[in-house]
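Examining the three-dimensional arrangement
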Amino acid sequence: MTMVESEYIILTTGFFIRLAVPALYPQITSILDKSVLFSTPISSFRSLQEGIFLLTSDIDPYNGEVVHFPPLLLVLFSQLTHLNAVFAAFDTLIGFLLVQINKNTKYSTKFSSGVVATFYAFNPLAILSTLSKSTTVINNLTLILFFHFTLQNKFRASIVTLAISTYLTYYNWYFAVPLMFSIYQSTRSQQAVVRSLILYIASISALLYSSYILTNNSLRFLYLNYASIVLFKKIVPNIGLWWYFFTEIFDFFSSFYLSVFNIYSFIFVVPLATRFRNDLLFASWILVGFVNFAKAYPTVTDLNLFYSMLIIFKVYYKKLKFSPFLSYLGVILILTLLPVFYYVWMSLNSGNANFFYAIGLVLSILQTIIVSDFLWSKIQTEYFESKNINIDTIVKLTQI
Amino acid sequence: MALLETIQRKITKYGLLPKLVRFLPKVSTLLTLLGLIWILILPLDGQFRTTYISENALMPSQAYSFFRESEWNFVRGYRDQIIEHIDDPMDERHEMLSSWMKTIGYKTFEYRSANDSRTTYGIYHVPKGDDTEAMVIVAPWTTSDGEKNIGGLALTMGLIRYFHRLSIWSKNIIVVFPEDGQDTLRKWVDAYHTTLDETGGSMESAIVIEYSSESDELDYVEVKYVGVNGQLPNLDLVNCAVMISEHEGFKVSLHNTPKGQLWANDYPSRLTTLLKGLFSMATAGLLPETGGGNGCEAFSGWNVQTLTFKARGTEGRDITTLGRVIEACFRAVNNLLEKFHQSFFFYLLLTPNHFVSIGNYLPAAVLTASSFVISSLSAFLTNNNVNNKHINFNDAAIKVDTLPLMNGLLLFTTVTVGSIIFGTLLMWFSSIVSFADNNNLYTKLTWGLILATTTVSTLPVVLRYKSQPSAAISQTVRVANGCSLFYLAFALVSLLVLHFSLSLLISLAAFPLTFIRYGPLRQNRKNSIWLILSSPFLWLAIVGVARKMEFQLDIVRNLIQYFSVPLLRHELQTKIFDTDWLNPAFLQNLLQGPVEIFYGLLTGYRRFQTWTWMVISFAWLPVWIMSLIITCIDVQIGDFEKRKVN
């Protein structure tokens, strides 16, 4: 059995695991969907079902405050059956694209396709994300597809994918910045960048216009899909950093903090793309990690994309302070503690919000550590390469 | 940072790192010791606090109570009737109470659980209230000791008659008469929150009354408060109960403290109460089929603050005094404007008036759990392979090849999943095989498991075979060992906040697992001792037998604190020499102890949502089995020799 075959076998096994578990144990989706780790009002399967129900019973889903999905997605899901298979297929496709990206990178050291496939197919985070059936899985799929196309310099495809991705999730327009940089890197023409930008905006406009027509000439979906994320309309506990602030502060501060938080989530996009313009895949990946803790409604499904892509960057493992094994262990530990603290707060009433938020903070700190560790490792590796020094040479570089 | 950098440079310069790595097992032991010492420090002066009422609205004992002589006549009247009808069939007894409640003006209903055990309950929809909240008073027909709750029932009837005349209530009053204070009551509480049509709003508090004597008087009260899964009622309610009781002149006993020790407030007495509290929290909800449940377990998990008042002694203060205590508790809860939230939900009581809050005691379990983290790290860093003993550590050896890594993980996963399936199967078994009809089967099962685990623990002594020296084997064993220890640490840490006492006791009981070393079989002999000591089933046997022996920590404490030869002789005489050890009935009873607890463990989740068995069979047992397997493997070479062999 050659290596090429084995990765497909592994991914297929992963697909069947993702198919078999909900078939044997159908309650798993509702259990995960009710847990704070996998569900937010923006992305949960529950509200998706509600939206589909409203749509099929001829009630305008965008009339209330329940549905936060773009109209096209809702229409798509109202036509789909066998959702178990659909989500399993989506997630397996993510695994497949991960393998492809890993193959196509120009890094000197990388894992074999079989290892990457195994890592994704049996990754508990990925499996649980699929089972939770949150729409974030689709967001992850579009993002990784976008990375895949960009890496292969298929820019038109990647622009359209990113437009779809942006249409699905507000934050994804951030990735337009590294995309434009990589278009400029490969074509060296400013015209191409402008043309790409126009294509990007045109695709988004087309999507938005068709949604506008679809929702009976109403713009309310814009408010529900995007404004409610930017303005953080639903203050519900999640694993992120926002909710606690907005429950604690006085109302007259909230517009100030809203702008600060939104600016903060964007603030590193341009610097990252500029600094790492020769490795924009890495910059985008770091951006995924950064947006994960700076965004308003993060879930474990969001984290999954970041931690799955970690395997692509084996070349930077050498200079890490904490090995990926350790950080993965830490993340899983914290992710187990989060529901415990949520339970202590919500069900036992013997803890309070501070318990849960504190663990959420630890998760965010862990994530910042991992992100900055990789950044520093990348910079060191670049330095060694630029000076033609063997990477194993013991040279102590100091951060300034 | 400069200091840290200097230290780091020195460490590298003098090559301290390998030495530090070799020191890790000692660090692990030290952490557990520190955890123990931490517990021992808590009862020292200055480490604990005096209790106080932190919710201002409660205002306990601020009103003059009229539950006195005139009401006493009613209590006596009810009691005479109850004594007369105590042996009637279940339905007639309940009908009698039901008709009494109706006469007073309570809406009464009956609830039958699946096993046909009956609960009669009445609701007083108070005129002033908004019908959304309720206070519950419970008098089971049988007390936790298995006696008839004659005084408790009579007092409850008298009280609810009196309550109905007062116009102060703003929360509904629910009175519950279950057949017993465990399964029947639990089923009623579950039904109340799920299926019952006739309800009186969310329960703010529940007070259970146990008074089995026919006497008119009692000596002191025992307050029970421990719920399952480490849940406790809000400290404010306990404080109220203690404060009111002392205000009325009762001494309060916690965790079965005998009368002679109620006045003691010194280090040994505080430590005794603390340890008894820890133990009763860890073993809460492991009830035999009948007897033992005091009502707190039944309300656990539904956010009802529950206390049990158990009357002790038959002379002293009259029964209406206890009535006044309960009335004042009800008035205090009635005063509440919000849910109980001010005071602590996690605490350890040292005396009725002194407590340690979670911030002060939690580090003990953190230390003991982190001892497992350190020992798992130590296992990964090759300390547990005895072949490495005299070789200096160097980080080249940390690397594990892919195949041994996979094999080790697979081995560990198989054992864990197997143990989880085993635990779940036993739980399922207990749900289909009734205890009463198959006592013999359960006895065989329990003692079979206890003997089997003890026997297989001696395998490292008995086994004699020799394997080929192979780096793959030593790496596989290392991965399995490290992973299993980390898994236990992980489980204990997650359990910390939810159930401190269980986490602490399991980490102490499983601590010998960190001493497990592997290597050539003839060097593995000592592991048998550690395996036996850390076996969950051995502890099951010890706890079960101790419960049947009616072991009291207070006696040990007395012996140590006031040591004198006559005292020791007396205790030995009564406990050991006077006992007819060879009496078959006595032995039979003694052997039943572990069986009852095992049954309680297996059925705990089904009956009371107690997780104890899940924690044991999902976390402790797999790690124990893993350690057993490791010690049975003949590991011929160390982690630094593989280059030579391959």
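A quick note: this is a predicted structure, and the numbers were derived from the prediction, not measured.

All names here are of chain B. Partitioning chain B into structural domains gives domain 1 (12–44 + 360–645) and domain 2 (56–338 + 347–352). If you average the C-alpha positions of domain 1 and of domain 2, the two centres end up 39 Å apart. Taken together, the 36 residues of domain 1 in the interface contact 36 residues of domain 2. Summed over both partners, the interface of domain 1 with domain 2 comes to about 3,200 Å²; 59% of that surface belongs to carbon and sulfur atoms. Our count for the contact surface shared by domain 1 and domain 2 stands at 2 salt bridges. The partner of Arg607 in a salt bridge is Asp183, and the shortest N-O contact between them spans 2.7 Å.

Residue and element names in this part refer to chain B. Residues other than glycine seldom take positive phi values, yet His255 does so here, at roughly 50 degrees. Tracing the backbone through its elements, the reader meets His255 in the loop between β8 (252–254) and α9 (267–282). Overall, the relative accessible area of 13% leaves His255 in the buried class. Even without glycine at this site, Asn256 takes up a positive phi of about 65 degrees.

What follows deals with the packing of helix α3 (residues 45–56) of chain A against helix α4 (residues 71–79) of chain A. All names here are of chain A. Axis separation between α3 and α4 bottoms out at 9 Å; the angle between their running directions is 80 degrees. Considered as vectors, α3 and α4 are oriented roughly perpendicular to each other. Contacts between α3 and α4 involve Leu48, Gly51, Ile52 and Leu55 from the former and Leu74, Val75, Phe77 and Ser78 from the latter. For the contact of α3 with α4, the class distribution of residues is 6 nonpolar, 2 polar and no charged.

Ranked by size, the top nonpolar core spans 266 residues in total, and within it Phe374 of chain A together with Phe309, Ile326 and Phe500 of chain B carry the most contacts. Considering each element in turn, this core owes the most residues, 12 residues, to helix α16 (residues 280–294) of chain A. Lining this core are residues from two domains, each supplying at least three of them: domain 1 (12–44 + 360–645) and domain 2 (56–338 + 347–352) of chain B. With 21 residues, the next largest nonpolar core counts Ile174, Trp188, Leu196 and Ala298 of chain B among its residues.

Calculation criteria
Residues numbered from 1 in each chain as written. Chains lettered and ligands numbered in written order. Predicted model: local features only at pLDDT ≥ 70, side-chain atom pairs only at ≥ 80, totals over all residues. Heavy atoms only, no water. Domains from an automatic or database assignment. Contact = heavy atoms within 4.5 Å. Buried area = accessible area lost by both parts, 1.4 Å probe. Salt bridge = Lys/Arg side-chain N within 4 Å of Asp/Glu carboxyl O. Helix = DSSP H or I, 4+ residues; strand = E, 2+ residues; numbered from the N terminus. Buried < 20%, exposed > 50% of the residue type's maximum accessible area, 1.4 Å probe, protein only. Axes fitted to C-alpha atoms, helices over the stretch in contact; angles between N-to-C directions. Parallel < 35°, antiparallel > 145°, perpendicular 65-115°, else oblique. Nonpolar A, V, L, I, M, F, W, Y, C, P; charged D, E, K, R; others polar. Core = buried A, V, L, I, M, F, W, Y, C linked by side-chain atoms within 4.5 Å.

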